[in-house]
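Architecture at a glance
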Amino acid sequence: MVILPWENQTTIVEFVLRGLSSNQQLNIFLFVMFFAFYVLIVSGNILIVLLVLLSQHLHTPMYFFLVNLSFLEICYTSNIVPKMLLIIIAEQKAISVAGCLTQFYFFGSLAATECLLLAVMSYDRYLAICQPLRYPVLMTGPLCIRLAASSWLCCFLLTAITLVLLSRLTFCGPNEIDHFFCDFTPLVHLSCMDTSLTETIAFATSSAVTLVPFLLIAASYSCILFAILRIPSGTGRRKAFSTCSSHLTVVTVFYGTLIATYLVPSANSSQLLRKGFSLLYTILTPMFNPIIYSLRNRDIHGALKMCLSKKPDFLLS
């Protein structure tokens, strides 16, 4: 009988996340900074959700998808940042295998959903600018719900395939993950089994939910650019571009950091750089999204002023 290499090794039941730094003084600074960022992310995105829900004139397809994106950002950061803060300040670096796989599942599912939502939002902008007369007929309420629901469901199901394959791997040491959350690559490197099938399927599914939406976004904005250039007046061109500039900025930041993170060589010397890029798309991008969408958005400004000017019911009685 052939004895497989991992059969004589002890299967580990928990991982140790090494986090960002082992310097205690630096960790205090990092904790304060990332806690502030987390509060800003949650409060900023909740504010956008509430403004859209409470303002009747924001009940449009563009803001419906923005609410989905804001809700996603809250879930996305809440999946990673609280555990990262515990690692930094309380030195609670241990995480069970099941907990690690769960964190990876939600991280992968939500990141993939963001890719699809950004593609859906670019399609919405394409219809609004290139088909303005038919836009109300084409982008109906039921279609918006189907597009958003399909984005969420498709990505959670696809990531579940990778999760099942990961859960069937045997992890027998070492159990240290040189990261601040459970990402795919550090996990498979800790397995003592053949991970080629898992890596191949994970690559195929991740390519499907990142590359295909990116190509759709690029195609949509190519059509939008040609449509804007055909507008005779400069004022009309600026007005048309302003309706999609926020979304284009978010797409550029999100995909830029995502590509930079996973195209960086996997050598040990680049691990710090990989963590830095990971911080960009797990913390800074969700924090900037509310700022980008509200900074030059007159609709959001108007909704905020309207909500602030309303008196509570007990003052009116």
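Criteria and thresholds
- Residues numbered from 1 in each chain as written.
- Predicted model: local features only at pLDDT ≥ 70, side-chain atom pairs only at ≥ 80, totals over all residues.
- Heavy atoms only, no water.
- UniProt positions renumbered as here; feature names shortened; annotations may be inferred.
- Helix = DSSP H or I, 4+ residues; strand = E, 2+ residues; numbered from the N terminus.
- Contact = heavy atoms within 4.5 Å.
- Areas by Shrake-Rupley, 256 points an atom, 1.4 Å probe, with all protein chains shown as cover.
- Salt bridge = Lys/Arg side-chain N within 4 Å of Asp/Glu carboxyl O.
- Buried < 20%, exposed > 50% of the residue type's maximum accessible area, 1.4 Å probe, protein only.
- Expected span 1.5 Å × (residues − 1).

The protein chain goes by Olfactory receptor in an unreviewed UniProt entry, where it is assigned to Neovison vison. Recorded in UniProt under Subcellular location (unreviewed entry), the annotation for the protein chain is "Cell membrane". Heading Sequence similarities (unreviewed entry) of the UniProt record for the protein chain holds this comment: "Belongs to the G-protein coupled receptor 1 family."

1. Observations concerning the overall build of the protein chain
The number of helices and strands found in the protein chain is 11 helices and three strands. Starting at the N terminus, the α and β elements of the protein chain follow one another as β-α-α-β-α-α-α-β-α-α-α-α-α-α. For the protein chain, contacts bridging at least 24 residues in sequence account for 78% of all contacts bridging at least 6. Carbon together with sulfur atoms contributes 69% to the accessible area of the protein chain, which is approximately 16,600 Å² in total.

2. Side note on the pattern of salt bridges
Across all of its chains, the model carries two salt bridges by this definition. A salt bridge links Glu176 to Arg18, with the nearest nitrogen and oxygen atoms 3.9 Å apart. With Glu176 in strand 3 (residues 176-177) and Arg18 in the loop between strand 1 (14-17) and helix 1 (24-54), the pair connects residues that are 158 residues apart, well separated along the chain. Its relative accessible area of 44% is what places Glu176 among the partly exposed residues. Notably, a salt bridge pairs Asp124 with Arg125, separated by 2.9 Å at the nearest N-O pair. Here Asp124 and Arg125 have matching classes, each one buried.

3. Some remarks on helix 5 (residues 141-167)
Helical periodicity: at 3.6 residues per turn, an α-helix aligns residues three or four positions apart in one direction. Taking 1.5 Å per residue as the helical rise, helix 5 with its 27 residues ought to reach 39 Å, and the 39 Å between its terminal C-alpha atoms agrees with that figure. Listed as buried for helix 5 are Cys144, Ala148, Ser151, Trp152, Cys155, Phe156, Thr159, Thr162, Leu165 and Leu166. As for helix 5, its buried residues are in contact with helix 2 (61-90), helix 3 (97-130), helix 6 (184-189) and helix 7 (196-229).

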